[in-house]
Amino acid sequence: KKRKDDSHGVRTRAPPLPPPLVPIKQLHGIMKGGIKKQRKNRVRWNESYKKKRKDDSHGVRTRRTDTNILAVKFNTLAEAGNFHTGDAEFCSNPECGAIVSHLTKLEGDDDKKIWTCEFCGTNKEVELVPEEIPTLNDTTYLLTGAAAVQSEGGGGPLGDESLVVFCIDISGSMCVTTEVPGQHDLRGAKEKKEKLLKSLPTDLDIDVRREELQYMQGQRRNVTWISRMESVQAAVDAQLSRLAHSEPNKRVCLVTFSDDVVIIGDGRMVPVTMAGDKLSNSQTVVDTGREIPLPAAIRETQKALSKKVFSLEESGQTALGPAVLVSIVIASQKPGSK
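Since the model is a prediction, treat every value here as computed from it, not as a measurement. (Residues numbered from 1 in each chain as written. Predicted model: local features only at pLDDT ≥ 70, side-chain atom pairs only at ≥ 80, totals over all residues. Heavy atoms only, no water.)

1. Looking at a nonpolar patch on the surface
Phase 1 of the analysis: A cluster of nonpolar side chains, F90, I99 and L143, forms an exposed patch at the surface whose accessible area comes to about 270 Å².
Phase 2 of the analysis: Mapped onto the elements, I99 comes out in the loop between α2 (75-78) and β1 (106-108). (Patch = residues over 30% accessible without salt bridge, like charges linked within 9 Å, V, L, I, M, F, W, Y side chains within 5 Å. Areas by Shrake-Rupley, 256 points an atom, 1.4 Å probe, with all protein chains shown as cover. Salt bridge = Lys/Arg side-chain N within 4 Å of Asp/Glu carboxyl O. Helix = DSSP H or I, 4+ residues; strand = E, 2+ residues; numbered from the N terminus.)

Rendered as structure tokens:
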């Protein structure tokens, strides 16, 4: 009978009484004291923070440099460095290649010093005077002088027979277009458009040629859509023309890459294609580059090269690594090549 009521027999504790009210004057003093304390702590923190911020590098977290990380500011590649007098002192370990730097610690007397390589730990006896030891963290050594270019009539670019290798990306991403204000008639654009129209069915060919059907409603007509490939073709053709007039003895080689790497050469040779497993074998790529014959002078090959450039079409993926490697190997045939 007592359990009929669900709440019967359940003991509950009365809620605690609220704290007594604090007088207004006392409450104002507590708040005022708390604000003063906060302001005091804030001033202390600001002063300590300013002291720490005196060093510009403080607060910037960077990973410590080791043998697997190289931090390079790209502007140092273009700006003239601190040229050092004397020859560079290399590590005696042929697999190392380290050079004496401002971080190097030399032990021994004045005449002969022992250098323990910081990278491989190899000990080497060096003979360096104090002036030959680098003191700056940016030091440039002149390993090989600039190639002396002479022509029959004396110095100048007319006798320069070095190579210029154009390594061109023709992958699918090169078909991306950009809107350029104004009407621009780029070389090769008309031929490419005619080729596209010929590939369409006959019944669509007539309709597509109608100018009013070539634009969407509301689309601006005083613009030209230029693809990346068209921009590269125009730039390379301009370079070929300039070289033919100013440096006619220069040798130009053309290399393209997408899924495969094609060495077009001077435009008159039979193209060499590297594909499949050959692209993954660096030694095969190097050997292929060494077998490429030396291109003829640009004054003889400009027309053939220009024709090859404007015949390029976009497709496939991007085999950039093998293309760059074979281009460097080809350029290495002549000192001063680019």
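2. Observations regarding the pairing of strand β9 (residues 251-257)
Phase 1 of the analysis: Burial runs high along β9: 7 of the 7 residues are buried.
Phase 2 of the analysis: Both faces of β9 are covered, namely the face carrying R251, C253, V255 and F257 and the face carrying V252, L254 and T256.
Phase 3 of the analysis: Across 7 bridges, the pairing between strand β6 (residues 163-169) and β9 is parallel. Looking at β9, one finds that I168 is bridged to T256.
Phase 4 of the analysis: As defined by bridge partners, β9 adjoins strand β10 (residues 261-265) across 4 bridges and the pair is classed as antiparallel. The partner of V255 across the bridge, within β10, is I263. (Buried < 20%, exposed > 50% of the residue type's maximum accessible area, 1.4 Å probe, protein only. Pairing = 2+ DSSP bridges.)

3. Side note on helix α6 (residues 282-290)
Phase 1 of the analysis: Among all positions of α6, only V285, V286, T288 and G289 are buried. Each buried residue of α6 sits inside an arc of 160° when the element is viewed along its axis, so together they form one side.
Phase 2 of the analysis: Residues of α6 that are buried make contact with β10, β11 (272-274) and α8 (320-331).
Phase 3 of the analysis: Backbone nitrogen of Q283 and a side-chain oxygen of the N-cap are separated by 3.1 Å at the start of α6; the cap is N281. (Arc of directions from axis to C-beta. Contact = heavy atoms within 4.5 Å. Polar contact = N/O pair within 3.5 Å; in protein donor to acceptor, adjacent residues only side chain to side chain.)

4. Topic: the environment of C253
Phase 1 of the analysis: Secondary-structure assignment places C253 in strand β9.
Phase 2 of the analysis: What makes C253 buried here is its relative accessible area of 0%.
Phase 3 of the analysis: Separated by 74 residues in sequence, C253 and S327 have C-alpha atoms that sit 8.7 Å apart.
Phase 4 of the analysis: Beyond its immediate stretch of four places on either side in the chain, C253 contacts V164, V165, F166, I263, G265, P295 and I330.

5. So, the environment of E161
Phase 1 of the analysis: The residue E161 is located in the loop between β5 (154-155) and β6 in this model.
Phase 2 of the analysis: Along the chain, E161 and N249 lie 88 residues apart, while their C-alpha atoms are 5.2 Å from each other.
Phase 3 of the analysis: Apart from residues no more than four positions distant in its own chain, E161 is found in contact with N249, R251 and K334.

6. Here we look at the sheet that holds β9
Phase 1 of the analysis: Judged by pairing direction, the sheet is mixed, and its 4 strands sit side by side in the order β6-β9-β10-β11 without closing on themselves. Looking at the sheet topology across the chains shown, the edges are occupied by β6 and β11. Averaged over all adjacent pairs, the angle separating strand axes in this sheet is 20°, with direction ignored.
Phase 2 of the analysis: Lying on the sheet, α8 is in contact with β6, β9, β10 and β11; it crosses β6 at an angle near 170°. (Axes fitted to C-alpha atoms, helices over the stretch in contact; angles between N-to-C directions.)

7. Focus on the packing of α6 against α8
A pair of packed helices can be characterised by two numbers: the angle between their axes and the separation between those axes.
Phase 1 of the analysis: Running from amino to carboxyl end, α6 crosses α8 at an angle of 40°, the nearest separation of the two axes being 8 Å. For the element pair α6 / α8, the angle class is oblique. Where α6 crosses over α8, the two elements pack in a sense that is right-handed. Between α6 and α8, the residues in contact are S282, V285, V286, G289 and R290 and P322, L325, V326, V329 and I330, respectively. (Parallel < 35°, antiparallel > 145°, perpendicular 65-115°, else oblique. Left-handed = near helix turned anticlockwise from the far one by under 90°.)

8. Looking at the pattern of salt bridges
Phase 1 of the analysis: For the structure on display, the rule yields 5 salt bridges.
Phase 2 of the analysis: The salt bridge partner of K124 is E89, with a shortest N-O separation of 2.8 Å. Of this pair, K124 sits in strand β3 (residues 123-126) while E89 sits in the loop between α2 and β1; the two residues are 35 residues apart in sequence, bridging distant segments of the chain. Considered together, K124 and E89 belong to a single accessibility category, that of buried residues.
Phase 3 of the analysis: Between E161 and R251 there is a salt bridge, with the nearest N and O atoms lying 3.4 Å from each other. Pair noted here: E161 is in the loop between β5 and β6 and R251 is in strand β9, with a separation of 90 residues, a long-range link.
Phase 4 of the analysis: The class of E161 is partly exposed, set by a relative accessible area of 35%.

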